[in-house]
Amino acid sequence: MKALTVIIPVFNEEGNIPRIQKALSSYMEKSAFLVFGLFINDGSKDKSLSLIKNVCKEDSRFGFVSFSKNAGLSAAIKAGFDHAVTNWVAYMDADLQTSPEDFMKFEPFVGEYQLVTGERQDRKDGLGKKISSSFANWFRNSFLKDGMKDTGCPLKIFNREFANRLPFFNGVHRFFPALTQIYGGKVKVVPVRHFARTEGVSKFNAFNRMVQPFLDTLLVHRLKKRYIKYQVIESKLFDPNPINE
């Protein structure tokens, strides 16, 4: 049976942990995959870690990794890849503005694509966030030509072996589609639902939503230009174990 690990980065989301357990458990029961949930506690200072431990005691399908201090979203995702052992790895935000049940729409495509990513429909964010997100997506696509309208959508399923070949840096979560394409992978976009946040507060501000992504876009653009590509049409290699010595 195919197996999938869903990574859930958590930073001060104590109000959402029980809701995550309920939502992800519902997906686990309906999925064609054997699904596991992996919380990554990113140095939370509230009760998130103790609630996560309770979830893991109640349900063996859940596990966790806890950082000594806050390291950021990209580090949390990287830790999820490092500790998952399944062939496919998914990612979702702890704010539950997207639903893990929408992963059901992704499942038919995971065998053909190295990354299946969501595109949020009818977003429930405030006007300022919508404008900044739209501008950031336009700026990124102008340089990288990745064809993505919503690269920030947190619902994604990766081929783990392929994803582990990608370069990781702070802010990489905004560039998974572009990096997948640069490294020769295929990306499938699937429309998903979007919901208003009901618990906790957003961890992003004007700097990490606008300024830093612009700088990171230039970094990935340079990587795209400098990436080594070649195609072998014929070869004859040395035999390391010749029959006649």
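Worth saying up front: this structure is predicted, and the values here are computed from it rather than measured.

Each value, and the rule that gives it
Each chain has its residues counted from 1, following the order in which its sequence is written. Given that the model is predicted, a residue must reach a pLDDT of at least 70 before its local features are reported, and side-chain atom pairs must reach 80 or more before they are shown or counted; all residues, however, enter totals for whole chains, interfaces and linings. With hydrogens and water stripped out, all remaining heavy atoms of the structure feed into the side-chain values. For Phe, Tyr and Trp, where Trp contributes only its six-membered ring, two rings pair if their centres lie within 6.5 Å, and the inter-plane angle classes them as stacked under 30 degrees, edge-to-face over 60, or tilted in between. Helix and strand assignments follow DSSP, with helices taken as H or I runs no shorter than four residues and strands as E runs no shorter than two, numbered in order from the N terminus. Exposure classes here rest on a 1.4 Å probe applied to the protein chains alone. A residue is buried below 20% of its type maximum, exposed above 50%, and partly exposed in between. Any two strands with at least two DSSP-identified bridges between them are counted as paired. Axis geometry follows a simple rule: fit a line to the C-alpha atoms, using only the stretch in contact for helices, then measure angles between N-to-C directions, giving values from 0 to 180 degrees. Pairs of residues are marked as contacts when any of their non-hydrogen atoms sit within 4.5 Å. In predicted models, pLDDT denotes the confidence assigned by the predictor to each residue on a 0 to 100 scale. Call a crossover right-handed when, viewed with both strands pointing away from you, the route from the first strand across the helix to the second goes clockwise. What a helix is expected to span follows from its residue count: subtract one and scale by 1.5 Å. Summarising the geometry, the arc corresponds to the directions from the helix axis toward the C-beta atoms. For this analysis, a polar contact is any N or O atom pair within 3.5 Å, provided that within protein one partner can donate a hydrogen and the other can accept it, and provided that sequence-adjacent residues contribute only side-chain to side-chain pairs.

Draft legend 1. Molecular detail of the packing of aromatic side chains. All chains considered together, the criterion is met by eleven aromatic pairs. Ring centres 5.1 Å apart and planes at 85° place the aromatic pair Phe 81 and Phe 158 in the edge-to-face group. With Phe 81 in helix α3 (residues 73-83) and Phe 158 in strand β6 (residues 156-159), this residue pair connects regions lying 77 residues apart in the sequence. For Phe 81, a relative accessible area of 1% corresponds to the buried category. Arranged with centres 5.7 Å apart and planes meeting at 75°, the rings of Phe 81 and Phe 168 form a pair that is edge-to-face. Placement of Phe 81 in helix α3 and of Phe 168 in the loop between α5 (160-163) and α6 (176-182) is noted, with a sequence separation of 87 residues between them.

Draft legend 2. How the structure looks around the sheet that holds strand β1 (residues 3-10). Taken in spatial order, the seven strands line up as β3-β2-β1-β4-β6-β5-β7 in an open sheet, and their pairing is mixed. Two strands in the sheet have a free side with no partner beyond their single neighbour: β3 (62-66) and β7 (187-192). Direction aside, neighbouring strands of the sheet carry axes that sit 25° apart on average. With four bridges connecting them, β1 and strand β4 (residues 88-91) associate as parallel partners. Across the sheet, the residue bridging to Val 6 is Ala 90, located in β4. Its contacts with the sheet put helix α1 (residues 17-30) on β1, β2 (34-41) and β3, and the angle it makes with β2 is roughly 160°. Packed onto the sheet, helix α2 (residues 48-58) meets β1, β2 and β3 and runs at close to 150° relative to β3.

Draft legend 3. Expanded view of the confidence of the model for the chain. Summing up the model confidence of the chain, the mean pLDDT is 86 and the portion of residues at 70 or higher is 82%. Mean pLDDT across the secondary structure elements of the chain bottoms out at helix α4 (residues 127-144), with 65, and peaks at β2, with 98.

Draft legend 4. The pairing of β3, seen in detail. Sheet topology places β2 next to β3; five bridges connect them, and they run parallel. Counted as the bridge partner of Leu 38 is Gly 63 from β3. Read from β2 through α2 to β3, the crossover connection turns out right-handed.

Draft legend 5. Quick look at α1. Taking 1.5 Å per residue, 14 residues should reach 20 Å; α1 reaches 20 Å between its end C-alpha atoms and fits that length. Restricting attention to buried positions, one finds in α1 the residues Ile 17, Ile 20, Gln 21, Leu 24, Ser 25, Tyr 27 and Met 28. The arc enclosing the buried residues of α1, seen along the axis, measures out at 160°, which places them on a common side. Counted as exposed and oriented over 90 degrees from the buried face of α1: Lys 22 and Glu 29.

Draft legend 6. Representation of the environment of Leu 144. By secondary structure assignment, the location of Leu 144 is in helix α4. A C-alpha to C-alpha distance of 9.4 Å links Leu 144 and Phe 175, two positions 31 residues apart in sequence.

Draft legend 7. Focus on the side chain of Thr 5. As for its position among the elements, Thr 5 is in strand β1. Judged by its relative accessible area of 6%, Thr 5 falls in the buried class. Within the local environment of Thr 5, its side chain forms a polar contact with the side chain of Thr 86, the two groups lying 2.9 Å apart. Once residues within four sequence positions are removed from consideration, Thr 5 is found in contact with Phe 36, Leu 38, Ala 84, Thr 86, Trp 88, Val 89 and Ala 90.

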